[in-house]
Amino acid sequence: DTAVSQTPKYLVTQMGNDKSIKCEQNLGHDTMYWYKQDSKKFLKIMFSYNNKELIINETVPNRFSPKSPDKAHLNLHINSLELGDSAVYFCASSQFFGGTDTQYFGPGTRLTVL
Amino acid sequence: QKEVEQDPGPLSVPEGAIVSLNCTYSNSAFQYFMWYRQYSRKGPELLMYTYSSGNKEDGRFTAQVDKSSKYISLFIRDSQPSDSATYLCAMSGDNAGKSTFGDGTTLTVKP
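No experiment lies behind these values; they were computed from the predicted model shown. All chains use their own residue numbering, which begins from 1 and follows the written sequence. Naming scheme: in the order in which they are written, chains are lettered from A and ligands are numbered from 1. Only residues with pLDDT of at least 70 get local features here, since the model is predicted, and only at 80 or more are side-chain atom pairs given and counted; chain-wide, interface and lining totals rely on the full set of residues. Side-chain calculation: all heavy atoms of the structure are included, whereas hydrogens and water are not.

1. Description of the state of the cysteines
Heads up, the condition is: Defined by distance alone, a disulfide is two cysteine sulfur atoms within 2.5 Å. Secondary structure follows DSSP: runs of H or I at least 4 residues long count as helices, runs of E at least 2 residues long count as strands, and numbering of each begins at the N terminus. A simple rule labels every residue: compare its accessible area, found with a 1.4 Å probe on the protein chains alone, to the largest value its type can have, and call it buried under 20%, exposed over 50%, or partly exposed in between.
Evaluated as defined, the whole model comprises two disulfides over all chains. Covalent S-S linkage joins C23(A) and C91(A), the inter-sulfur distance amounting to 1.9 Å. Taking the torsion about the S-S bond as the criterion, the C23(A) to C91(A) disulfide, at about -75 degrees, is left-handed. Here C91(A) lies in strand β9 (residues 87–94) and C23(A) lies in strand β3 (residues 19–25), a separation of 68 residues in the sequence. At a sulfur-sulfur separation of 2.0 Å, the disulfide partner of C23(B) is C89(B). Because the torsion about its S-S bond is -105 degrees, the bridge between C23(B) and C89(B) counts as left-handed. Here C23(B), found in strand β3 (residues 19–25), pairs with C89(B), found in strand β9 (residues 85–92); they are 66 residues apart in sequence, far enough to count as distant. Judged by relative accessible area, which is 0%, C23(B) ranks as buried. Using a relative accessible area of 0% as the deciding quantity, one classes C89(B) as buried.

This is the structure:
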């Protein structure tokens, strides 16, 4: 069983489109995250939810909107996609927020904006 | 200037070599120091974490933190081809949920 799963794995779309990426974790964790990894492997946190409540909201364009319908799911919706949005987006989860709690990452969604 | 700087690599070593991966940082509030390993086209996985200064050993891997120099290292002994991956250092303050990552160092271990 996959602990943290993301769909789709690959997403190729045109500039200006709106797209969503879904994430689910079956670990019973309270906290979920979205990260963006650019072509140079730089991994940057975008959002974090704890018990469905937004607790980290980094400087991210408001075209990006996370939604957590329940503790096991954290989706990412992106409006008006731009070329610079091309990257790999990773979802992660941890049991708690804070301390040295291990974050478990999903396999990533490779987004290409043409 | 970035808060976390990681030796850029790439690094290529023969099997059995000792590998040293390094990061420096500027934020003295960082207390939790982590190393993640990321295989190609996979998500990062936590390899080791250390709280504050000191050493931590796990099998062939040793993590070192020197807070006075704001410098952390990951040593891999008897490196194996299966160690070939990108290694990311990460660190955080009280709130370890918000980690700042280095850019990653890609390691290739040749048989």
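2. Observations concerning the interface of chain B and chain A
Here is the rule we go by: Here, two residues are considered to be in contact whenever any of their heavy atoms come within 4.5 Å of each other. Two parts placed together each lose some accessible area under a 1.4 Å probe, and the buried area is that loss summed for both. The term salt bridge refers to a pairing of a side-chain nitrogen on Lys or Arg with a carboxyl oxygen on Asp or Glu at a separation within 4 Å. Polar contacts, as used here, are pairs of N or O atoms within 3.5 Å; protein pairs need one atom able to donate a hydrogen and one able to accept it. Residues neighboring in sequence count only if both atoms are side-chain atoms.
Contacts between the two partners involve 20 residues from chain B and, on the opposite side, 22 residues from chain A. Between chain B and chain A, a total of about 1800 Å² is buried, with carbon and sulfur atoms accounting for 55% of that surface. The interface formed by chain B and chain A contains zero salt bridges. The interface formed by chain B and chain A holds one residue pair in polar contact (both at pLDDT 80 or more) in total.

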